[in-house]
Amino acid sequence: MIRLYATIVAVFACSPAWADAKVAVLMDVMQVDEVLEILHEEGLQYGATLDEQMLDGKGGAFWAEQVRRLYDTQRMETGLRRALSEQMSAPDIDASIDFYASDMGVRIIESENRTRRTLADNDMQDAAEDLLKQLRDENAPVLALIERFIEVNDLVGNNVSGAMSQNYRFLKGLSDGGYAKRPDDVLLAEVWQSHEAITIDTENWVTSYLTLAYLPLTEDELKAYIEFAESDAGRALNAALFMGFDAIYRDISYGLGRAIALNATTDEI
């Protein structure tokens, strides 16, 4: 009877309804709704840049609406929820909730989001890079901790890999849409040519961003954050987030490429 009871509890604890509820709580304590809103705003800005660079600023309302739909927060939330549900175990979800629901976890998320919004301003990006340079010149101890955090989460490698994949999908969308049509091997070669530049830009941006975001933390708090990142739960969460966002942005990038091709063709007609 005891064995049967234990089996029933295990099955209940791993049921889809339970997992969905726990993931919803995790996304809530990580303030994912605000994160996705920030990414939506960044997407609209990127869409405006593409309009200027590739459509001569003639995209108009039709292009803006296409971009808005591609960066739909509800669709992004669904993709992220799926990745967290499929890639994380129940204990890892619980441990992640405990961390981010704590006072320190809340302050970390709020600082990350506030900094991300701040860096939308090019002047603030320059200021963040200047601050990083100053701290490096001073050999500030906090930089070693931030670099350790970047290493533990493989933030440079994961972001570079994601950027390369997204660039390929964008070019693929352009090609499939009949704009600058080229075979896949040519597209891949073009993407790889940008690998070094993307790596340098990513290293600079990630380090500047995290330096600005984590300066309010004490060294002990930053060490505690690194300890969580090194735990099974932290590694599982990091992997799930990158997997989810990579899938989301690959789809968005392909959609942007196809939309550029469509708009360019329509404009020619």
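Residues numbered from 1 in each chain as written. Predicted model: local features only at pLDDT ≥ 70, side-chain atom pairs only at ≥ 80, totals over all residues. Heavy atoms only, no water.

## What about the overall build of the chain?
We count it as follows: Put simply, DSSP H or I for four residues or longer makes a helix, DSSP E for two residues or longer makes a strand, and each gets a number counted from the N terminus. The rule is simple: take the accessible area with a 1.4 Å probe, protein chains only, and divide by the maximum for that residue type; under 20% is buried, over 50% is exposed, in between is partly exposed. Should any heavy atoms of two residues lie within 4.5 Å, those residues are counted as being in contact. Only the protein chains shown count as cover for residues, and all accessible areas are computed by the Shrake-Rupley method using a 1.4 Å probe. Under the counting rule used here, the positive set is Lys and Arg, the negative set is Asp and Glu, and His together with the chain ends is not counted. Charge coordinates come from a single atom per side chain, which is NZ of Lys, CZ of Arg, CG of Asp or CD of Glu.
Per the secondary structure count, the chain includes 14 helices and 0 strands. Mapped in sequence order, the helices and strands of the chain form the string α-α-α-α-α-α-α-α-α-α-α-α-α-α. Counting only C-alpha atoms and orienting by the principal axes, one finds that the chain spans roughly 75 × 55 × 35 Å. With 269 residues in all, the chain has 42% of them scored as buried. Considering only intrachain contacts with a sequence separation of at least 6, the fraction spanning at least 24 residues in the chain is 85%. As presented, the chain carries roughly 14,600 Å² of accessible surface, and 54% of it is formed by carbon and sulfur atoms. Distance between charge centroids for the chain: 6 Å, based on 23 positive and 47 negative side chains.

## Structural notes on a negative patch on the surface
Note the threshold: Like charges are joined within 9 Å and nonpolar side chains (Val, Leu, Ile, Met, Phe, Trp, Tyr) within 5 Å, but only among residues with over 30% relative accessible area and no salt bridge; these make up the patches. Each reported salt bridge corresponds to a side-chain nitrogen of Lys or Arg within 4 Å of a carboxyl oxygen of Asp or Glu.
Together, Asp121, Asp123, Asp126, Glu129 and Asp130 line one region of the surface with negative charge. In this fold, Asp126 is placed in helix α8 (residues 122-137).

## A few points about the confidence of the model for the chain
Keep this limit in mind: Along the chain, pLDDT gives the predictor's confidence residue by residue, from 0 to 100.
Mean pLDDT over the chain: 90, with 91% of residues reaching 70 or higher. Every residue in residues 1-15 scores below 50 in pLDDT, and together they form 2 contacts with partners more than four places removed in sequence or on other chains.

## Considering helix α3 (residues 32-54)
Within an α-helix, residues lying three or four positions from one another point in the same direction, as the helix has 3.6 residues per turn. Counted only if it meets this: The span you would expect from a helix comes to 1.5 Å times its residue count less one.
Relative to the 33 Å expected for 23 residues at 1.5 Å per residue, α3 spans 32 Å between its end C-alpha atoms, a close match to the ideal helical length. Among the residues of α3, those classed as buried are Val32, Leu36, Ile38, Leu39, His40, Gly43, Gly47, Leu50 and Asp51. Looking one or two places after α3, you find Asp56, whose phi comes out positive at around 55°.

## A look at empty space enclosed by the protein
Here is the rule: Buriedness for pockets is judged along seven lines, at least five of which must meet protein on both sides within 12 Å for an open set on the 1 Å grid over protein atoms alone, while cavities are sets there where a 1.4 Å probe fits but cannot get out, and lining residues have an atom within 4 Å of a point. Grid points are joined across faces, edges and corners, and a volume is the space filled by probe spheres set on the points. Put simply, Ala, Val, Leu, Ile, Met, Phe, Trp, Tyr, Cys and Pro go in the nonpolar bin, Asp, Glu, Lys and Arg in the charged bin, and everything else, Gly too, in the polar bin.
Scanning all chains against the criterion turns up 1 cavity of 30 Å³ or more. Quantified by volume, the largest cavity comes out at close to 40 Å³. Lining the largest cavity, in full, are Leu119, Gln125, Ala128, Glu129, Trp205, Ser208 and Tyr209. Among the elements of the structure, α8 and α12 (195-214) are those that each provide at least two residues to the lining of the largest cavity. Residue composition of the lining of the largest cavity, grouped by class: 4 nonpolar, 2 polar and 1 charged.

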